[in-house]
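# Fold and geometry: a report
What follows is each chain in one-letter form.
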2 protein chains.
Amino acid sequence: MSQISTQSNLSTLLDRGVVEIFPNSETDNLANRIQNLIQNGDRPLRIKLGIDPTRPDLHLGHTVALRKLRQFQDAGHKAILIIGDFTAQIGDPTGRSEARPRLTPEEVAYNAETYLEQAKKIIDFSSDRFELRRNGEWLNQLDLQQIITLQASMTVGQMLAKEGFSDRYEKGNPIYLHEFLYPLLQGYDSVAIDSDVELGGTDQKFNILVGRDLQLKDKHRQGKPAQFGMLLPLLVGLDGVQKMSKSVGNYVGLTDEPLSMYSKLEKVPDALVDQYFELLTDIDLASLPENPREKQKQLARVIVSQYHSPEIALQAQQDAEQIVIAGNTKDLGDIPEFNLAEINFPAPLHYLVKASGLCKSNSEAQSQIKNGAVKLDGEKLSDRTFANANELTGKVLQVGKKKFLRLVSE
Amino acid sequence: MSQISTQSNLSTLLDRGVVEIFPNSETDNLANRIQNLIQNGDRPLRIKLGIDPTRPDLHLGHTVALRKLRQFQDAGHKAILIIGDFTAQIGDPTGRSEARPRLTPEEVAYNAETYLEQAKKIIDFSSDRFELRRNGEWLNQLDLQQIITLQASMTVGQMLAKEGFSDRYEKGNPIYLHEFLYPLLQGYDSVAIDSDVELGGTDQKFNILVGRDLQLKDKHRQGKPAQFGMLLPLLVGLDGVQKMSKSVGNYVGLTDEPLSMYSKLEKVPDALVDQYFELLTDIDLASLPENPREKQKQLARVIVSQYHSPEIALQAQQDAEQIVIAGNTKDLGDIPEFNLAEINFPAPLHYLVKASGLCKSNSEAQSQIKNGAVKLDGEKLSDRTFANANELTGKVLQVGKKKFLRLVSE
C-alpha cells in the first residue's frame, strides 16, 4: 500500500488554492481524518472528481481541480476520476440561465476521449492510485424505484433555493424537471464510488452537499462518515473578469500551441498572476520575482513547460520576443486582430493572407508564401487549404518581419 | 368485432354525469370521433381508467368512473382498467396537502386484489371488451434515459401551477421531487396502452392533459390523435359537504352489508339524491317519485339491488323499517354511536355488548345472546370472538327491540 501523506505536504494539500473544506468542526475535519489514517495505517482516502465531458477541450480552468486531485495522488490517496458520460447528457444546470441542450451519447463519447487524453497530462493514469470510472456504469442501472427514492430525498423548495434555479424561477425562465435530477445523479456518484472527499469549484457546493446527504441516507454505509467537500476557486480568465471559459474566449487551452499559450500567458493581468501561480503551478510562491513583467514571463514559461517541455517553453519565449522585436514597439497584446468569421472555409492560405489585408493581392500572397515569409505563430507555412478556423484561431499570422495579425473567431 | 354504440345510447355515454370532455371544438370532439368509427366500421375506442389501489376498499365514489367505463363497454368500446400498482407506491399528490406515505409493494398487491374483486361488480371482466393492465408492467421497464425524456417534457413552473402544488409551495409545505413524477408516470400509461379516451374525476384534468401531451410527443404515434379527456363529478359524501372518502367517514362501501348500505342511503341529503341517481344508477331521471322520502328509499333500494340483489334489497328495506318502528320515533340517523376504539380486540361478543352499555353485566349480555335477542344489522348473533373491528364498523348492534347502537371506528 502506498504511503499516506506526511505532515509537510499536508498543508499544501489542504491549504494551497483551497477556498473551503466542509465539514470543518473541531472534531470532524479533514486534517484529523488524514492524521488518523497515518496513525492507524488505514486505507488511503478515495478522492472524487467528476468531469462532465460537455465540450471536447480542457483549458487551464479545468486543471485547478485536476491538479488538486494529482496532489492527493502524490500524497498516497486514490484519485477517482469520474467521466460523467451519463450526466453530461443532461448537463449541470449550475450557473446556467437556461436549460442546456442535451448531448447525444456520440458527442459525449467523443468529448470524453479528448478530455482523457488531456487529463493524462496532469493525473498519473498508470498509478495504482488511480481509478477511472464512467457514471453511466451505475446510472444506467438505476430503475424507476431507485430514482423515486433519490427524488423523495429532496424537496422542490430545497432545489429551487439553489443559486441559478431561484433566479430562473423568479424571472419566469423555464426550468425543466429533468434539471432537478442533475444534482441527485451526480450526488449518487458519491454513493456509487464511496468517496471520502469530493473536489469541485466553489459553484459545486450544493451538488457536493447532495452527495454527502445521499451517502448519509444510504443504508449500506452503516454509519461510515460521509464525504468531505473541498471547494476550489473558479479560475478567472485572461480578461481578468469572467470565469475562464471557452465560450467567453478568455481561455488557454491545454492543446494550445506553445507560442500561443506563451503569448497569452505572458499577458495575464497583474492582479491574477499570483493566483495563477498558486493554482496552476507548483512554484513556491515566496520565490517569485518582484518585477511584474518578469513574473508574467516566468508564469508563461512554467506553464508551457508543464504542458509541453522546458525546451519548447524556452523556444516559445524566444519566438515571442522575436515577434515583439520584429514588431518594434508593439507588444503582442497590441497587435491587431483579424476575425476569421469573414473567411469562407475551406480556404487556401494565400486567400487568407490576402483577405486579411497582410498582402494586397493573391499573387503577392502566393509569392510571399513561396519565399517563406508567411508564418503562423512563428512557424513557416507552405500554401495549403484550411478546412476550418480550428487550426488558426488564437494564432499570430505574420508576413515578413513587420506585419502581424492575431486570428480570432467570434 | 362488437358493435359500436348507436345514436340512442351515445347521449347517455357523453352526457349523463359528464362534467367536461376535452378537446371539444367543432371539428375535434368525441361525438364526431365515435360517429366516424360507426360509419367507417373502424375499431372501437380504447377507454382508459386508472385506479391506484392506495386503500383496500372501493366506495360509491369510485363507482362513478367505473360505471362510465361500463357504459363504454356496453356501447362496444374496449375498457382498459389500469391498476396503478406502480403509481400507488408514489400516490397521486392531487388534492393532498402533504406527501403521501409511500406504500410497500405488498400493501399495494393486497389492495389491488380487493379492488378488483369489487370492480367486478361493475365492469364485465369476462367480456372481450375488457383489458386489465398493471402499470408496473411498463413503468418498471423505464430506464433513467426515458425518465429524463419524460421529465424534460415539463417545467417546474407548469408543475407548480397545478392546484395543490401551488398551495403547498406557497405555504412552505414540502413538496418532494418524486411527487412531480406522478403526473408524468400516470400520463405515460396513456402512451403505453394507447388510449383514445381517459376517464377521471374533475380533479384529474391536469393528469389527463399530461397524458395527452405525452402521447402527442411520442414519436411512435405518427400523428395519431391524442386521447380525449372525460371528466366526471367527484361524488359528494353522505355529509352533503365533502367528497366521499373513507378517511372522512362519509362513505358507502361496496362491501357494506345490505342493511348498513340501505340505512345510510335512505338518509342521503335531499340536495344530493338526484345526483346520486344520475351517477350511481341507470334509472331514468324523469321517472323519479316526487316525494323526497320515497325518492331516498328508491335510491337506497336500487343501489342495494345493484350490489347485492333485489331480494336482499327488499329485505334490507323491511329490516330498516322494523328497526325504525322498534325504535319508535327514532330514525336510524339518530341512534347513538358507540366507538369501537374503546374495545381491546380480540373481544368476545358478550364483552362488547356489556362494554357498549347495552347490557349492565357480562352475564346479562351472555343470557341475551343465548335468547337470540342480540342482532347485528338485524341478524341474530351467537357469542363469538371478534378479531378486530372490521366486521363491526358501521353496523347496528341491537339488544331486544328497543336498544340500538351504531358501531363506529374513529
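This text goes with the structure placed above it.
The following paragraphs examine the structure supplied in this document. (Residues numbered from 1 in each chain as written. Chains lettered and ligands numbered in written order. Predicted model: local features only at pLDDT ≥ 70, side-chain atom pairs only at ≥ 80, totals over all residues. Heavy atoms only, no water.)

### Here we look at the overall build of chain A
The cut-off we apply is this: Helix numbering and strand numbering both begin at the N terminus, where a helix is a DSSP run of H or I of at least 4 residues and a strand a DSSP run of E of at least 2. Based on C-alpha atoms, the radius of gyration is set beside the globule rule, defined as 2.2 Å times the residue count to the power 0.38. Each residue is placed in one exposure class: buried if its accessible area under a 1.4 Å probe, protein chains only, is under 20% of its type's maximum, exposed if it is over 50%, and partly exposed if it falls in between. In what follows, residue pairs with any heavy atoms lying within 4.5 Å of each other are defined as contacts.
From N to C terminus, chain A includes 16 helices and 13 strands. For chain A, whose C-alpha radius of gyration is 24 Å, the value lies close to the compact-globule estimate of 22 Å for 410 residues. Taken along its principal axes, the extent of the C-alpha atoms in chain A is 75 × 50 × 40 Å. The buried share of chain A, reckoned over its 410 residues, is 53%. Restricting the contact set of chain A to residue pairs at least 6 apart, pairs at least 24 apart contribute 71%.

### Considering the side chain of K297 of chain A
Residues and elements named next belong to chain A. Summarising the element assignment, K297 is placed in helix α13 (residues 292-307). Among the residues examined, K297 registers a relative accessible area of 18% and is labelled buried. Filtering out sequence-adjacent residues up to four positions away, K297 remains in contact with Y262, E266, Q317 and E321.

### Quick notes on helix α13 (residues 292-307) of chain B
Residues and elements named next belong to chain B. Let me state the cut-off plainly: Helices are assigned an expected span. That span is 1.5 Å times one less than the residue count. Contacts described as polar in this section are N or O atom pairs within 3.5 Å, which, within protein, must combine one atom able to donate a hydrogen with one able to accept it, while residues neighboring in sequence count only if both atoms come from side chains.
An ideal rise of 1.5 Å per residue puts 22 Å on 16 residues; α13 measures up with 23 Å between its terminal C-alpha atoms. Taken as a whole, α13 has its buried residues at K295, Q296, K297, L299, A300, V302, I303, V304 and Y307. Of the residues flanking the start of α13, the one acting as N-cap is N291, its side-chain oxygen 2.7 Å from the backbone nitrogen of R293.

### Digging into the nonpolar core
A general trend in soluble globular proteins is that nonpolar side chains are found buried together. The condition is simple: As used in this record, nonpolar core signifies buried Ala, Val, Leu, Ile, Met, Phe, Trp, Tyr and Cys residues forming a set joined through side-chain atoms within 4.5 Å.
Residues L60, M230 and Y276 of chain A are the most contacted members of the largest nonpolar core, which totals 66 residues. Residues within four places of L60 of chain A in sequence aside, it is in contact with L235, M244, V252, L254, L265, L280, I303 and Y307 of chain A. Within the second largest apolar cluster, 65 residues are counted, among which are L45, L81, L235 and A300 of chain B.

### Let's talk about the pattern of salt bridges
Residues and elements named next belong to chain A. This is how it is decided: For this analysis, a salt bridge means a side-chain nitrogen from Lys or Arg found within 4 Å of a carboxyl oxygen belonging to Asp or Glu.
Taken as a whole, this structure holds 39 salt bridges over all chains when the rule is applied. Close ionic contact of K205 with E20 constitutes a salt bridge, the shortest N to O distance being 2.7 Å. Taken together, the residues K205 in helix α10 (residues 205-217) and E20 in strand β1 (residues 20-22) connect sequence positions 185 residues apart. With a relative accessible area of 28%, E20 lands in the partly exposed category. As a salt-bridge pair, R43 and D196 come within 3.0 Å of each other at their nearest N and O atoms. In this pair, R43 is assigned in the loop between α2 (30-40) and β2 (46-51) and D196 in the loop between α9 (181-193) and β5 (197-201), connecting sequence segments 153 residues apart.

### Re the relation of the copies chain A and chain B
Which entries qualify depends on this criterion: When the copies are superposed, the least-squares fit draws on C-alpha atoms of residues that have pLDDT of at least 70 in both.
Each copy of the sequence occupies a distinct position, and chain A is placed on chain B by a rotation of 180 degrees and an axial shift of 0.1 Å, giving an RMSD of 0.3 Å. These values place the two chain copies in the arrangement generated by a two-fold rotation axis. Of every C-alpha in chain A, the one belonging to D143 of chain A sits nearest the axis of rotation, 3.0 Å from it. When the interface residues of chain A are mapped onto chain B, 100% of them are again interface residues, pointing to one common binding face.

These figures come from the coordinates and say nothing about function on their own.
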